[in-house]
Amino acid sequence: MKLTGAQALIKSLELQGVEAIFGLPGGAILPVYDPLLESSIRHILVRHEQGAGHMAEGYAQATGRPGVAMVTSGPAATNIVTPLADAYMDSIPLVVITGQVAASVIGSDAFQEADTTGITMSITKHNWLITDPYDIPRIVREAFHVATTGRPGPVVIDFPKDIATGELEWYWPKSIDLPGYRPTTKGHPKMIREALSLILQAERPVIYAGGGVIRGRACEELVAFAERTGIPVVTTLMARGAIPDSHHLCLGMPGMHGNYTAVTSLQRADLLITLGARFDDRVTGKVSAFAPNAKVIHVDIDPAELGKIRRPDVPIVGDVRQVVAEFLRGLGEGDLGQQADLAPWWAQLEQWRKAYPYTYDRTNEAPPIKPQFVVETLNRMAPPDTILASGVGQHQMWSSQYWSFEGPNRWINSGGLGTMGFAIPAAIGAKVGRPESTVWAIDGDGCFQMTAQELVTATTERIPIKVAILNNAYLGMVRQWQEMFYEERYSEVYLSPDLPDYVKWAEAMGCVGMKVEDPSEVESAIAKANSIDDRPVVIDFRTDTSEKVFPMVPSGHSNDDIVLG
Amino acid sequence: MAADSPSSLVPIGGAIRTPKEFRHHILSVVVENKTGVLARVAMLFSRRGYNIFSLAVAPTDDERFSRLTIVVDVDTAPLEQITKQLHKLVNVIRISEIDPSEAVECELLLATVQADAATRAQVIELVNLFDGRIVDVGSSKLTVMVGSSPHNLDNFESLLSEYGISEIQRTGRVALQRLEMPTSKRRQSRGRVS
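Residues numbered from 1 in each chain as written. Chains lettered and ligands numbered in written order. Predicted model: local features only at pLDDT ≥ 70, side-chain atom pairs only at ≥ 80, totals over all residues. Heavy atoms only, no water.

## A few points about a nonpolar patch on the surface
So, step 1. Taken together, the side chains of I124(B), I134(B) and V137(B) present a nonpolar region at the surface, about 220 Å² in accessible area.
So, step 2. When its relative accessible area of 31% is taken as the criterion, I124(B) is described as partly exposed. (Patch = residues over 30% accessible without salt bridge, like charges linked within 9 Å, V, L, I, M, F, W, Y side chains within 5 Å. Areas by Shrake-Rupley, 256 points an atom, 1.4 Å probe, with all protein chains shown as cover. Salt bridge = Lys/Arg side-chain N within 4 Å of Asp/Glu carboxyl O. Buried < 20%, exposed > 50% of the residue type's maximum accessible area, 1.4 Å probe, protein only.)

Below you can see the structure in the form of structure tokens.
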């Protein structure tokens with residue numbers, strides 16, 4: 001059977017089980033958009049290619065399946081660079097297809113030509129420039145394999161126009177031949193035994209769970225392991241929901257804006273059981289002062305993470321799910337002796353928990369609204385299985401702090417790269433992947449203005465997301481730093497609460513728009529938003545500019561210098 | 001390239017951590033022979049702030065693969081991190097780490113040097129001492145070629161510079177592990193990742 005390259009690409013995507021593509025057509029990718037008309041794959045037409053990339057990320061984070069985006073060459077490819085970098089930092093499986101000028105004119109500075117594989121080389125797990133139509137099925141298969149196995153990540157297929165119009169005899173590769181790509185999934189038995197012996201001896205152990213636990217689908221194993229040993233768990237920004245926040249073993253988020261108990265538990269620990277985490281500077285603070293008395297067990301599927309920042313006492317390369325299952329099996333055999341008594345450790349942890357919860361002025365009844373109150377109320381009124389997306393900044397930290405995450409894949413945010421404007425497109429992608437779940441985006445006014453044109457996409461494609469803007473009229477996190485570290489010299493951070501008019505913006509884009517200024521109206525507005533399911537909703541919450549995110553470990557300081565506010 | 005002294009090196013990504021002294025290690029990296037692989041390796045070094053001291057690329061006896069001989073400066077990053085990051089490149093098949101003390105190394109040098117009637121004989125003698133060849137002859141200059149260990153070439157270069165070098169080009173070294181001697185025990189140090 002002869003197919004054109006374009007037909008072969010679409011057919012290959014279908015065979016990979018792709019159900020949705022986020023994209024925007026243009027010159028070089030035009031031939032591929034033609035057979036798409038006959039395909040079962042849903043295409044979501046975005047308004048900007050960055051939106052397509054973040055939507056694919058939101059889709060992938062909500063479903064655990066790879067997100068797919070397709071854009072044209074040149075400026076479209078460069079517009080999707082930010083989502084690629086974002087997905088690379090947060091290990092999100094993405095397959096991005098970029099159009100390219102005809103192979104015959106590559107290198108001639110043709111119209112809308114950009115060196116996409118060159119530009120994206122350092123922010124993708126791998127990328128391919130297709131030079132022969134015959135390679136299409138093989139490369140698509142390889143691309144999905146690389147994106148989703150090992151440590152997941154984004155990949156790019158650069159697809160020249162004459163490859164799309166060329167022909168090939170159709171086939172589907174039976175196997176994948178990548179001699180240089182063989183992720184280790186099974187932990188070394190000797191290392192696992194060494195880890196278990198440390199785990200049983202430890203008197204102040206903490207499980208430091210990172211995003212790898214969620215990407216590696218190891219949440220059930222994590223909870224079982226924590227319950228079996230009674231060891232407390234901290235969940236990093238990327239791991240929120242890996243163990244339910246309501247679980248008594250969950251201490252919540254560590255790091256720069258983590259809670260006192262989680263931060264200090266790591267500082268005082270004698271053993272860190274690090275699962276799919278990477279000792280990010282936002283967690284460790286000053287590395288030399290991080291968890292100074294702790295031995296470290298480090299489990300990661302990416303060997304390069306072991307010893308990158310902190311040298312582990314027991315390094316284990318492997319799939320976190322398999323390794324934790326091995327831990328449980330090893331503990332079940334019971335030949336390793338008794339576990340140390342954790343009661344004194346828990347007594348200490350409980351005392352911190354009681355003494356230092358997250359706090360803000362809950363008694364406030366007058367405008368402006370406390371942003372934390374909005375997050376808490378949204379959380380309280382959210383239907384079960386609600387997915388929460390956020391942008392980057394103060395609102396992101398409040399979301400992570402005051403929302404109770406009860407399961408994995410319900411918290412969608414940009415952790416490593418910290419991409420402002422992430423929330424709205426990511427929420428749209430999540431809703432496409434999980435249409436039965438309510439999807440809220442908590443956004444800042446600064447973030448909102450970066451990508452809010454995608455609300456048009458949401459309306460026209462009937463993707464009814466809900467957006468809560470915590471509008472404090474500032475680039476809030478920058479303002480916080482200028483207040484605390486630059487002697488209140490505010491430089492270029494004021495945004496105005498009324499420009500743009502967010503209600504009109506929402507309405508112009510086919511959404512329901514609301515403005516809420518009084519704390520007493522918060523609940524009714526959220527109830528109204530929750531009841532609307534036929535179009536997107538945007539609520540402009542006027543929040544208190546002076547609120548800062550606490551606790552806070554000042555940048556470059558030891559976690560012991562935590563400021564409670 | 002080691003033209004004069006270490007301070008004249010152009011550090012690739014070295015702006016991040018400029019080392020005080022250079023300690024070199026040789027990585028022999030077998031990669032898939034595909035377009036862009038060299039760029040991936042080079043970009044990885046630049047992106048992570050590692051220093052490449054020299055680099056040689058050539059096909060292997062199997063046409064599907066090429067071999068890169070990379071001399072890295074291990075003061076800019078631990079060798080373990082460099083090899084682990086290299087292993088993450090999909091096109092990298094195998095990495096062997098060769099300690100310079102256990103390596104047979106070779107490098108080629110081409111130089112054009114001032115050689116008038118008064119000094120010509122001395123230059124030729126020097127080239128002969130290093131088992132080199134005269135590959136081009138001009139009225140007042142000679143172009144000479146020497147293939148030897150990098151250390152010998154350093155010596156040759158400084159001796160030759162007395163006469164006035166007008167152009168010089170070195171290839172970067174290639175290396176293979178020294179063969180096992182019946183008496184000594186060779187340390188196995190492969191670029192293995194846990």
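## Remarks on the packing of helix 1 (residues 5-15) of chain A against helix 7 (residues 136-148) of chain A
Residues and elements named next belong to chain A.
So, step 1. Close contact between helix 1 and helix 7 brings their axes to 9 Å; oriented N to C, the two are set at 35 degrees. At the point where helix 1 passes helix 7, the crossing takes the right-handed sense. Touching G5, A8, L9, S12 and L13 of helix 1 are I136, P137, V140 and F144, all from helix 7.
So, step 2. Partitioning the contact of helix 1 with helix 7 into residue classes produces seven nonpolar, two polar and no charged. (Axes fitted to C-alpha atoms, helices over the stretch in contact; angles between N-to-C directions. Helix = DSSP H or I, 4+ residues; strand = E, 2+ residues; numbered from the N terminus. Left-handed = near helix turned anticlockwise from the far one by under 90°. Contact = heavy atoms within 4.5 Å. Nonpolar A, V, L, I, M, F, W, Y, C, P; charged D, E, K, R; others polar.)

## Observations regarding the nonpolar core
All names here are of chain A.
So, step 1. Within the largest apolar cluster, 60 residues are counted, with the highest numbers of intra-cluster contacts made by L272, I273, L275, I297 and F327.
So, step 2. The element best represented in this core is helix 9 (residues 189-201), accounting for six residues.
So, step 3. What L272 contacts, discounting residues up to four positions off in sequence, is V206, Y208, L266, F279, F290, A291, A294, K295, V296 and I297.
So, step 4. Grouped together as the second largest cluster of nonpolar side chains are 49 residues, L24, I92, A458 and A506 included. (Core = buried A, V, L, I, M, F, W, Y, C linked by side-chain atoms within 4.5 Å.)

## Details of the sheet that holds strand 5 (residues 94-100) of chain A
Residue and element names in this part refer to chain A.
So, step 1. Across the sheet, which stays open at both edges, the six strands sit in the order 3-2-4-5-7-6 with parallel pairing between neighbours. Here the strands that pair on one side only, and so sit at the sheet edges, are strand 3 (42-45) and strand 6 (126-129). In this sheet, neighbouring strand axes are inclined to one another by 20 degrees on average, regardless of whether the strands run parallel or antiparallel.
So, step 2. Sheet topology places strand 5 next to strand 7 (residues 154-160); seven bridges connect them, and they run parallel. By the bridge assignment for strand 7, L94 is matched with P154. (Pairing = 2+ DSSP bridges.)

## Notes on the interface of chain B and chain A
So, step 1. Contacts between the two partners involve 20 residues from chain B and, on the opposite side, 21 residues from chain A.
So, step 2. Buried area between chain B and chain A, both sides added, is near 1,700 Å², and the carbon and sulfur share of it is 55%.
So, step 3. A per-residue breakdown of the area chain B buries against chain A is headed by R40(B), K88(B) and V90(B), which together make up 35% of the total.
So, step 4. For the pair chain B and chain A, the interface holds two salt bridges.
So, step 5. E80(B) is paired through a salt bridge with R311(A); the nearest N and O atoms lie 3.3 Å apart.
So, step 6. Between chain B and chain A we count six residue pairs in polar contact (both at pLDDT 80 or more) in total.
So, step 7. For the side of chain B that touches chain A, the secondary-structure elements that each account for two or more residues are helix 1 (37-48), helix 2 (79-88) and strand 4 (92-98) of chain B. (Buried area = accessible area lost by both parts, 1.4 Å probe. Polar contact = N/O pair within 3.5 Å; in protein donor to acceptor, adjacent residues only side chain to side chain.)

## Side note on the domain arrangement of chain A
Residue and element names in this part refer to chain A.
So, step 1. Looking at chain A, the domain boundaries give domain 1 (2-169), domain 2 (189-355) and domain 3 (371-542).
So, step 2. Each of domain 1 and domain 2 was reduced to a C-alpha centroid, and the two centroids are 37 Å apart.
So, step 3. Across the contact, nine residues belong to domain 1 and seven residues belong to domain 2.
So, step 4. Regarding the contact of domain 1 and domain 2, the summed buried area is about 690 Å², with carbon and sulfur atoms giving 47% of it. (Domains from an automatic or database assignment.)

## Re the domain arrangement of chain B
Residue and element names in this part refer to chain B.
So, step 1. Splitting chain B by domain gives domain 1 (6-100) and domain 2 (104-175).
So, step 2. Each partner contributes residues to the interface: domain 1 has ten residues there, and domain 2 has six residues.
So, step 3. Summing both partners gives a buried area of about 580 Å² for domain 1 against domain 2, and 57% of it is carried by carbon and sulfur.
So, step 4. Three residues, I26, A56 and T69, lead the burial of domain 1 against domain 2; their summed loss comes to 45% of the area buried on that side.
So, step 5. Taken together, domain 1 and domain 2 are joined by zero salt bridges.
So, step 6. At the level of elements, strand 1 (24-32), strand 2 (51-59) and strand 3 (65-73) are the ones that each hand at least two residues to the side of domain 1 that touches domain 2.
So, step 7. Here the element with the most residues in the side of domain 1 that touches domain 2 is strand 2; it accounts for four residues.
So, step 8. Along the lines of polarity and charge, the residues of the side of domain 1 that touches domain 2 split into seven nonpolar, three polar and no charged.

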